[in-house]
Amino acid sequence: MSDDPSHPDVPLGDVTGPQVIPGREVRGVPRVGRAWRVRAEMAVRGVGPPTVAIGVPGSDDAVSQRHARAVIDLALRVGEAMLSTGASASEVVATVLRLCSAYGINSVHVDITFTSITVAIHRGLDEDPLSLMRVVRVRTLDYTRLQHLQVLVDQIAQPGPGTAAPEPEEARLRLTSILSAPHPYRRWLVSWGGALLAVGVVALFGAGPVMWAIAAATALVVDQTQRWLSRIGVAAFFNQAVSAAIPTSVAVLIFWMRSRGWELPGVDSPSLVVISGIILLLAGLTVMGAAQDAIDGYYVTAGARGLEMFMLTLGLAVGVATVLGLAWRLGVPMEISPYVSVGGNPVQSTLAAAAIGAGFAWSTYTGFRATLLASAIAAGSWGVYELVFPLGLGVGGSVVLPAAVVGAVAYAAHRTLRVPELAIVMAGIVPLLPGLSVYRAIFLMMDDTVLLPAAAEALFNALSIGVGLAAGVWAGQYLARRRFGLDLAAQRARNRSRGALR
């Protein structure tokens, strides 16, 4: 027995040498720093799925090839038609995704490059993928056709109680019927819509009935000239230049008549004819579409639309500047002031804004009920603008709140009255378009090189107004969607189209 307590008794019969401890029983003591690092990693490491799922494999293996082809063809044609009739890129992508999801296809990829649209379906590892592309050849503002397209998609994605969604073949027949249907009214009535818009513009600046008649007649000539130039294949740049030269020539003619002693009663500012023509030509441009695509993150499409808008606005400037330059060289005495202000009493201004909204809706084949609604919303947006402008928010900031009101009311009207949302939005903001700023910039650039800073300021004001309108409309639509909600399929489609974070 051992007397040392540190060496207890052990049986010695089985020990023949130094005792060996196996390696798995030996564990080193971890360092303090490493232990705290592990604890910190466990505290901050995510435990759920990734925020954005990138490249998740498709799950449409069970979809037959015939069904997939029918759905992708239908979705592609709907998307092409929406782009052709003026819809934004985000709206088109969300609609295509919603349509495909309604037919049980979720692995869908949509790509839009302003002049084309591509829809692809990934059907997993066991089936071949499908991809189709169509080129957008026609661009026209036709909001009645756009409304019918949206109704068709709603019937497919969210059928009413007791009804089933139509099969892809039946939906394609309905789509063909929508795209081939005649317009709600004849083309000569559309021309009078543009004339009503021009009358509203000059009335907004306080002009009298004689000026109304001159502006209406000029707008009719501009519309017919644009149609003829388009029919013979003239490029859009020169079409815009020639169209802008017509109201400018009318203003120069009035100044020449004054120099000869022929005074027209009630015509105090011939420059209003030019401004009405500029707003008439700006109303058909993609100012809102370009800004909205940029806000939604579709930068390629926004860049293309922005370049198109720049070229057409440049054509407008070339037409106005050419006529004014020729008139000055011919010695026509002109007293054109670039600083024309809105005139008249508030009642006349409100009625003028209503006429502008109705004229634009009328000229874009909007239905009768939607045209009346657009007229009321345009008058309301101008009333809000008159209340906000004295606050001194600047030209760009003053249009944000009126545009937000237009966006919210347009979405609410679309959900409740089934009217085209885009038509209401565009008609509501046309009275706020920067036609006066564009006219002012053109005039100042022609006058003298000393005024180039003032011309640059006018161009910046025009750009800020366009961005303010787009931002306000987007904010109004967003708040209205939060209030009224979307159906589940539409909400998921919008999140997928924008890559929403979770």
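Preceding this section is the structure that the text describes.
Not measured: the values here are computed from a predicted model.

This structure, assessed with the given rule, holds 1 cavity of 30 Å³ or more. The volume enclosed by the largest cavity comes to roughly 40 Å³. What lines the largest cavity is simply A198, A215, T218, A219, V222, P247, V273, S276, G277 and L280. Counting residues per element, the ones that place at least two in the lining of the largest cavity are helix 7 (209–231) and helix 9 (271–283). In the lining of the largest cavity, the residues fall into 7 nonpolar, 3 polar and no charged.

Enumeration over the complete set of coordinates arrives at 9 salt bridges. D142 serves as the salt-bridge partner of R145, at 2.8 Å between the closest nitrogen and oxygen. Among the residues examined, R145 registers a relative accessible area of 13% and is labelled buried. For D142, a relative accessible area of 3% translates into the label buried. For E170, the salt bridge identified is with R174, shortest N-O distance 2.9 Å. Here E170 pairs with R174, and both are found in helix 5 (residues 168–180), just 4 residues apart, close to one helical turn. Taking the relative accessible area as the measure of exposure, R174 reaches 32% and is therefore partly exposed. A network of salt bridges, in which partner residues are shared, links D73, R77 and R172.

So, about the environment of F443. With respect to the element layout, F443 can be found in helix 17 (residues 435–447). Residue F443 is classed as buried on the basis of its relative accessible area, which comes to 8%.

Basis of the calculations
- Residues numbered from 1 in each chain as written.
- Predicted model: local features only at pLDDT ≥ 70, side-chain atom pairs only at ≥ 80, totals over all residues.
- Heavy atoms only, no water.
- 1 Å grid on protein atoms, 1.4 Å probe; cavity = no way out; pocket = protein on both sides within 12 Å on 5 of 7 lines; lining within 4 Å.
- Points joined across faces, edges and corners; volume = space filled by probe spheres on them.
- Helix = DSSP H or I, 4+ residues; strand = E, 2+ residues; numbered from the N terminus.
- Nonpolar A, V, L, I, M, F, W, Y, C, P; charged D, E, K, R; others polar.
- Salt bridge = Lys/Arg side-chain N within 4 Å of Asp/Glu carboxyl O.
- Buried < 20%, exposed > 50% of the residue type's maximum accessible area, 1.4 Å probe, protein only.

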